[in-house]
Amino acid sequence: MRMVLKVKWEEFKSKLESFQSEGNKIIEKYKIARTEDLLSELNEEKLSWDSNVINYVKTSFEPENTNFAYEFKTQRGFNTGMKLGVDQRVKNTIQAFKNQVSGLDYYLKILFIADAIVRADEIDLEQRGNLDIEGRLDLVLLKLYDLYNDRKYHSIKWILESNGVELNVHGEDWDYGKMLENRGLVDVLTTKDTCARLTLEGKYAIEQARKAQLPDYSKISNSEEELKELLKEVLAEVKKSGYGQQIIFDEFDELRNDIPHLSKKSFGQLLKSKLGDLVAAEAFDKAVASDIFKQFTDQIFPF
């Protein structure tokens, strides 16, 4: 049974970011600790923090995410068996704590690209399951593009299965990796799974393909009043989700004021441009931008 996120992605992301904030406050509080008592306090607060993070993540999925606890604990570091002074033990604990806090960033990045886990109700799982070979290769490339900046290798098998594509033949992921590698689009690393990362040529190919995409703006409303009301509703949803940067409100205000002077196509193009700018400015993420675009156009567009 595939694991599925039970809460909204924005809510889950916000909660993990709040855990990161809490963790950083504890780190800042004890980073210059130099006594056994303070080290003991640090360990107690860290243990409580660990437990809260693990419990929230575990219970946010159906079935419960039992693997996260093991993966999360591996970032705690290890005991060398040597008798260390309190200074060094504090440093080791703080470093392990930092690893866990930063590890939540990576966890969010990985989950963000897993459509069948975090947004199963927004995609056509039957269509995904019936993708032909070229469609599967394109899906792998698109997800590796979203992970390009971390420069890590990612499991092709996990990318496909977490996006609704089941592999039925042993070694099928290796075949996909070699096909993409032979085209110069990915580098491949084979360990337990076949893993890949996008090359610069692969990144360029995705960007060119996206530029060639022509969104359909025909389903945008003809009514100025309806567009303005929808803008108001979308802005309220964005604010409720925890995104409150002034740049968001400024961009939406400009769009609202321009509505009387825009055709459907012009409005759609301007909306797409502004959403892209807001993603680039990190005012909100690509999933939010795609959802907003869909509300106006009834069309999913990858930002």
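Residues numbered from 1 in each chain as written. Predicted model: local features only at pLDDT ≥ 70, side-chain atom pairs only at ≥ 80, totals over all residues. Heavy atoms only, no water.

K.L.:
Even after reading the chapter, I still don't get helix α2 (residues 36-59), so can you show me in this structure?
P.N.:
Note on helix geometry: an α-helix contains 3.6 residues per turn, so any two residues three or four positions apart are oriented the same way. The terminal C-alpha atoms of α2, which comprises 24 residues, lie 34 Å apart, in line with the 34 Å expected from a rise of 1.5 Å per residue. Listing the buried residues of α2 in full gives Leu 39, Leu 42, Lys 46, Trp 49, Asp 50, Val 53, Ile 54, Tyr 56 and Val 57. Next to the buried residues of α2 lie α1 (9-30), β2 (61-62), α3 (67-73) and α4 (86-112). (Helix = DSSP H or I, 4+ residues; strand = E, 2+ residues; numbered from the N terminus. Expected span 1.5 Å × (residues − 1). Buried < 20%, exposed > 50% of the residue type's maximum accessible area, 1.4 Å probe, protein only. Contact = heavy atoms within 4.5 Å.)

K.L.:
Before we go on, may I ask you to explain the sheet that holds strand β3 (residues 154-155) in this structure?
P.N.:
Note on sheets: strands pair through backbone hydrogen bonds, and any given pair is parallel or antiparallel. Strand order in this open sheet of three strands is β3-β5-β4, and the pairing throughout is antiparallel. In this open sheet, the two strands that pair with only one neighbour each are β3 and β4 (186-190). The sheet contact formed by β4 and strand β5 (residues 194-198) spans five bridges and is antiparallel. The partner of Asp 187 across the bridge, within β5, is Arg 197. This element, helix α7 (residues 133-146), spans β3, β4 and β5 of the sheet and lies at about 65° to β5. (Pairing = 2+ DSSP bridges. Axes fitted to C-alpha atoms, helices over the stretch in contact; angles between N-to-C directions.)

K.L.:
Help me out: how do you make sense of the pairing of β5 in this one?
P.N.:
On a regular strand, each side chain points to the face opposite its neighbour's, so the side chains alternate between the two faces of the sheet. β5 sits mainly inside the fold: four of its five residues count as buried. Hairpin connection, β4 to β5: the antiparallel pair is bridged by three residues.

K.L.:
I'm lost on a negative patch on the surface in this one. Help?
P.N.:
Negative charge collects at one region of the surface, where Asp 121, Glu 122, Glu 229, Glu 233, Glu 237 and Asp 291 lie side by side. For the negative patch, the element with the most residues is helix α11 (residues 224-240), which contributes three residues. Positionally, Glu 233 belongs in helix α11. Of the residues examined, Glu 233 reaches a relative accessible area of 39% and is grouped as partly exposed. (Patch = residues over 30% accessible without salt bridge, like charges linked within 9 Å, V, L, I, M, F, W, Y side chains within 5 Å. Areas by Shrake-Rupley, 256 points an atom, 1.4 Å probe, with all protein chains shown as cover. Salt bridge = Lys/Arg side-chain N within 4 Å of Asp/Glu carboxyl O. Lys, Arg positive; Asp, Glu negative; His and termini not counted. Charge placed at Lys NZ, Arg CZ, Asp CG, Glu CD.)

K.L.:
Just checking my understanding: could you explain the nonpolar core for this structure?
P.N.:
Generally speaking, nonpolar side chains in soluble globular proteins are found buried as a group. Residues Trp 9, Phe 12, Leu 16, Trp 49 and Val 186 are the most contacted members of the largest nonpolar core, which totals 58 residues. Counting residues per element, this core draws most heavily on α4, which supplies eleven residues. Setting aside residues up to four positions removed in sequence, Val 186 forms contacts with Leu 141, Leu 144, Gly 177, Leu 180, Glu 181, Ala 196, Arg 197, Leu 198 and Thr 199. If you look at the next biggest cluster of nonpolar residues, it comprises 28 residues, including Ile 259, Phe 267, Ala 283 and Phe 301. (Core = buried A, V, L, I, M, F, W, Y, C linked by side-chain atoms within 4.5 Å.)

K.L.:
For this particular structure, what's the right way to read the pattern of salt bridges?
P.N.:
As a working rule, side chains carrying opposite charge can pair if their charged atoms are close by. Throughout the structure, instances matching the rule amount to 21 salt bridges. A salt bridge links Arg 119 to Asp 115; the nearest nitrogen and oxygen atoms lie 2.7 Å apart. Assessed through its relative accessible area of 11%, Arg 119 is described here as buried. The closest approach of N and O atoms between Glu 251 and Lys 274, which form a salt bridge, is 2.6 Å.

K.L.:
Can you help me understand the side chain of Gln 20 in this one?
P.N.:
With respect to the helices and strands, Gln 20 occurs in helix α1. Not counting residues up to four positions away in its chain, the partners in contact with Gln 20 are Val 101, Leu 104 and Asp 105.

These figures come from the coordinates and say nothing about function on their own.
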